[in-house]
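An overview of the molecular structure
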Amino acid sequence: LVYNADGYYTYTFNTAFTIADADKALTHRIALQLSYTNAAGVVVKANPYFDFTIGADGKAVAVTDPTKTRKMTDVSSCNSCHEKLALHGGGRVDTQYCVICHNPGTTDPVSGNVVTLSNMVHKIHAGKKLAAAGQPYYVSSAGYSEVGFPQDLRNCTKCHTGANAATPQGDNWKTKVSKEACLGCHADKIGSTWEVSHKV
């Protein structure tokens, strides 16, 4: 990490990586986990991120088209209940940062449960319901059998809405339904009758 005299930092990764030509037009994301004390003595925790594609010259091109992102919820929705969402020691405070690791295909090495953000968050909020159905949800050693969404679980717009400019894909819950998200609340496992009978 190098501070430049005109007021910005440059970070160089230890490991070089390349992006295949076929993937350069896809949206990529890079993010930071920042925690610092500002001039007023206030501790600031932030997760800035940058969405980009790779141009013909090999340089990053900022993604400004909201249809080329994947933002179905905003941390402001979380904070309307949680006050200040802060996980993994308190430094991870934005759902757009969380999805960098909690992406499709991620599983918890201890429980073996899926921890893709969409599935994991739905299962946590449906914890009581899943436990009552005999399918308690765990991530590592943490159990969520006492956790319940403080209103009807079917109120998807509490967290997801396309009316919010910050979440252009906020209506995906009704326009691009997925079994992975649905199985977060439905008390049925992958391979169950419910899962197999639903095509999406």
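Residue indices follow the written sequence of each chain, beginning from 1 at its first position. Only residues with pLDDT of 70 or above have their local features reported here, since the model is predicted, and side-chain atom pairs are shown and tallied only from 80 upward, although totals for entire chains, interfaces and linings are computed over all residues. Note that water and hydrogens are dropped before the side-chain values are worked out from all heavy atoms of the structure.

1. Some words on the confidence of the model for the chain
A residue's pLDDT is the predictor's confidence in that residue, given on a scale from 0 to 100. Per-residue confidence for the chain gives a mean pLDDT of 88, with 92% of residues at or over 70. Helix and strand assignments follow DSSP, with helices taken as H or I runs no shorter than four residues and strands as E runs no shorter than two, numbered in order from the N terminus. Averaged pLDDT values for the elements of the chain fall to 66 in helix α7 (residues 193-197) and rise to 96 in strand β6 (residues 49-54).

2. Things to note about the packing of aromatic side chains
The description of an aromatic ring pair rests on the distance of the ring centres and on the angle between the ring planes. Geometry of aromatic contacts follows a simple scheme: Phe, Tyr and Trp rings, the Trp one being its six-membered ring, pair when their centres are within 6.5 Å, and the pair is stacked under 30 degrees between planes, edge-to-face over 60, tilted otherwise. Using the criterion set out here, one finds five aromatic pairs in the structure. Pairing F13 with F17 gives two aromatic rings, centres 5.9 Å apart and planes at 80 degrees, and the pair type is edge-to-face. Among the aromatic residues, ring-to-ring pairing joins Y11, F13 and F17 into one connected group.

3. Brief notes about the sheet that holds strand β3 (residues 28-31)
Pairing is antiparallel across the open sheet formed by three strands, whose spatial order is β3-β6-β7. At either margin of the open sheet sits one strand with a lone partner, and together these are β3 and β7 (60-62). The sheet shows a mean angle of 45 degrees between the axes of neighbouring strands, taken without regard to direction. Strands pair, by our definition, only if DSSP identifies at least two bridges between them. When β3 meets β6, the two strands line up antiparallel, connected through four bridges. Bridge assignment links H28 to a residue of β6, and that residue is F52. For helices, the fitted line uses only the C-alpha atoms of the stretch in contact; every axis is such a line through C-alpha atoms, and the angle between N-to-C directions lies from 0 to 180 degrees.

4. Looking at the pattern of salt bridges
One speaks of a salt bridge when a side-chain nitrogen belonging to Lys or Arg is within 4 Å of a carboxyl oxygen belonging to Asp or Glu. Applying the stated rule across the entire model yields three salt bridges. A salt bridge links D152 to R154, with the shortest nitrogen-to-oxygen separation between them at 2.8 Å.

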